[in-house]
Amino acid sequence: GELISQEYSSPIVPADPKDKYLGIVFGLGQNFQSGKFYVDCENCEFESGVATGFTIGLNYNHQINEYLNWGALLLYDSYNIESRFREFEQFNYQFSPTEDAVKIPVEFRHTALADFGMISLVPYIELLPTKWFFVRLGMNAGLITGAHINHTKELLTRKAVLDNGISVDIKLANTKQTSQVVDDGDFPEVNSFQVSLNPMIGFRIPFSKTVFFSPYYMQRIPFMNMSEFGEDFKINSYRIMFELNFKL
């Protein structure tokens, strides 16, 4: 008989390669304080601090299937806040040794600038209901790389009228300045290791077959106190992030 050659498709076919991307990220947003923190000053408690912070870093993104990816962000964050409060202090004013001292209420404004730098790794799962819209949920493990506090006290009362009608000038002792630095140094009792939850929501905008751009919103929900020198002192944040990813 004749041998008939037939062509069969091979049962072994290469699997679809999964897309992998490496990207750079940058974000701006607000840091806002919950709880209160103390400084080295009697009855000084700072609350409701806010400031603008930034985030920079790298992103790795690995496709699982059409609707699901996993990835990780490596980030540096600036978690700075500014908090203020006013208080009155009673000072004794004496015209002469033979007269009784007169109490003068003097108003001061206390301002605290707290600044924390943090490096963190944020592994995440990314869900893509559509090709252009995504939701991520990340778990942030961070390490505080620097923590600084600057506390100033500013004199707000410049003049006072006494009960006898005499007007007196109010000045800080031994200085012509109206404010003085009370503390400028390391923030005390910092929890160096930080854990938080980072939900994200945004868009994928393809620039080409190998590059896509992602603007997204990222929230930081902390689980740990930033410092124990206070009461439930945490720094929450949100960022508007901009991410440029390149196919590997």
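Just above, that's the structure.
Residues numbered from 1 in each chain as written. Predicted model: local features only at pLDDT ≥ 70, side-chain atom pairs only at ≥ 80, totals over all residues. Heavy atoms only, no water.

(A) Molecular detail of the pattern of salt bridges. Across all of its chains, the model carries 10 salt bridges by this definition. With a shortest N-O distance of 2.9 Å, E154 and R109 are connected by a salt bridge. Taken together, the residues span a long stretch of sequence, with E154 in strand 6 (residues 133–155) and R109 in strand 5 (residues 102–127) at a distance of 45 residues. The exposure class assigned to E154 is partly exposed, which follows from its relative accessible area of 23%. The partner of R204 in a salt bridge is E126, with the nearest N and O atoms 3.6 Å apart. Of this pair, R204 sits in the loop between strand 10 (193–203) and strand 11 (205–206) while E126 sits in strand 5, placing them 78 residues apart in sequence. By relative accessible area, E126 is classed as buried at 0%. (Salt bridge = Lys/Arg side-chain N within 4 Å of Asp/Glu carboxyl O. Helix = DSSP H or I, 4+ residues; strand = E, 2+ residues; numbered from the N terminus. Buried < 20%, exposed > 50% of the residue type's maximum accessible area, 1.4 Å probe, protein only.)

(B) Geometry of the side chain of E107. Among the secondary structure elements, E107 is positioned in strand 5. In this structure, E107 is in contact with R86, E87, F88, E154, L155, L156 and T157, ignoring residues within four places of it in sequence. (Contact = heavy atoms within 4.5 Å.)

(C) Local environment of a nonpolar patch on the surface. Among the surface-exposed residues, F26, L28, F54, I56, Y67, L127, V135, I201, Y217, I240 and F242 lie close enough to one another that they form a single nonpolar patch of about 930 Å² accessible area. Secondary structure elements with two or more residues in the nonpolar patch: strand 1 (20–38), strand 3 (50–65) and strand 13 (230–247). Along the chain, Y217 turns up in strand 12 (residues 211–222). (Patch = residues over 30% accessible without salt bridge, like charges linked within 9 Å, V, L, I, M, F, W, Y side chains within 5 Å. Areas by Shrake-Rupley, 256 points an atom, 1.4 Å probe, with all protein chains shown as cover.)

(D) Expanded view of the packing of aromatic side chains. Summed over the entire model, instances satisfying the criterion amount to 18 aromatic pairs. Ring pairing ties together the aromatic residues F37, F46, F85, F116, F187 and F233, which thus form one cluster. Cation over ring: K153 sits above F108, and NZ or CZ is 4.5 Å from the ring centre. (Phe/Tyr/Trp six-rings, centres within 6.5 Å; stacked < 30°, edge-to-face > 60°. Lys NZ or Arg CZ within 6 Å of the ring centre and 35° of its normal.)

(E) Inspection of unusual backbone geometry at higher detail. At S48, a residue that is not glycine, the phi angle is positive and equals roughly 55°. Structurally, S48 is set in the loop between strand 2 (45–47) and strand 3. Although it is not a glycine, E189 sits at a positive phi angle of roughly 55°. Inspection of the secondary structure puts E189 in the loop between strand 9 (179–186) and strand 10.

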